[in-house]
Amino acid sequence: MSTVGPTRTCVGCRNRAPAASLLRFVAAGSGGDLRLLPDPGRRLPGRGAHLHPDPACLAQAERRRAFGRALRLTGVADTGLLAEHIRTVSVPCGPTDDEASALRHDPAR
Ligand SMILES: [Zn+2]
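Residues numbered from 1 in each chain as written. Predicted model: local features only at pLDDT ≥ 70, side-chain atom pairs only at ≥ 80, totals over all residues. Heavy atoms only, no water.

Engineer: Mind showing me how you'd approach a positive patch on the surface here?
Structural biologist: The grouping of Arg 14, Arg 63, Arg 64 and Arg 69 at the surface amounts to a positive patch. Within the secondary structure, Arg 69 sits in helix 2 (residues 66–71). Assessed through its relative accessible area of 59%, Arg 69 is described here as exposed. (Patch = residues over 30% accessible without salt bridge, like charges linked within 9 Å, V, L, I, M, F, W, Y side chains within 5 Å. Areas by Shrake-Rupley, 256 points an atom, 1.4 Å probe, with all protein chains shown as cover. Salt bridge = Lys/Arg side-chain N within 4 Å of Asp/Glu carboxyl O. Lys, Arg positive; Asp, Glu negative; His and termini not counted. Charge placed at Lys NZ, Arg CZ, Asp CG, Glu CD. Helix = DSSP H or I, 4+ residues; strand = E, 2+ residues; numbered from the N terminus. Buried < 20%, exposed > 50% of the residue type's maximum accessible area, 1.4 Å probe, protein only.)

Printed below as a string of structure tokens:
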């Protein structure tokens, strides 16, 4: 069994994974204006937590209010930026443009 580098726990599914495969995020702001910032470069200061870059893990963490616990937040943080980042990096499934144009091909011509 070879482990390369440190492992972290995903706050969504609670599975341990290599830190490099997880998305780090931190909380910014204070009081009633808390938001979660994705930190793919792992450079932001402050207490961070880790999550698989997967919408399912994000949803699980939100449902269990895991963000507040992991980051010791006193309020509810806005997850909009984090959700948007995960949507961008996660691979969408569904028909590609190539498949869509193949369906439009008319065999009668
Ligand atoms: Zn996960």
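Engineer: Can you help me understand the coordination of the zinc ion in this one?
Structural biologist: Each pair of donors in an ideal four-coordinate tetrahedral metal site encloses 109.5 degrees, whereas pairs in an ideal six-coordinate octahedral site enclose 90 or 180 degrees. Looking at the zinc ion, one finds its protein donor set to be Cys 10 (SG), Cys 13 (SG), His 52 (ND1) and Cys 57 (SG), positioned 2.0 to 2.3 Å from the metal centre. Taken together, the four donor atoms coordinating the zinc ion and their angles of 103 to 114° define a geometry best described as tetrahedral. Read in sequence order, the donor residues coordinating the zinc ion give the pattern C-x2-C-x38-H-x4-C. (Donors = N, O, S within 2.8 Å, 3.2 Å for Na, K, Ca; no water. Tetrahedral: all angles 85-135°; square planar, octahedral: opposite > 155°, others 65-115°.)

Engineer: What's the story with the pattern of salt bridges in this structure? I'm lost.
Structural biologist: A side chain with one charge may pair with a side chain of the opposite charge, provided their charged atoms come close. This structure, assessed with the given rule, holds two salt bridges. A salt bridge links Asp 39 to Arg 24; its shortest N-O distance comes to 2.6 Å. Of this pair, Asp 39 sits in the loop between strand 4 (35–38) and strand 5 (48–51) while Arg 24 sits in strand 3 (residues 23–28), placing them 15 residues apart in sequence. Exposure class is identical for Asp 39 and Arg 24. Each is buried. Residue Arg 35 pairs with Asp 33 through a salt bridge whose shortest N-O separation is 2.7 Å. Classification of Arg 35 as partly exposed rests on a relative accessible area of 33%. With relative accessibility at 44%, the residue Asp 33 sits in the partly exposed group.

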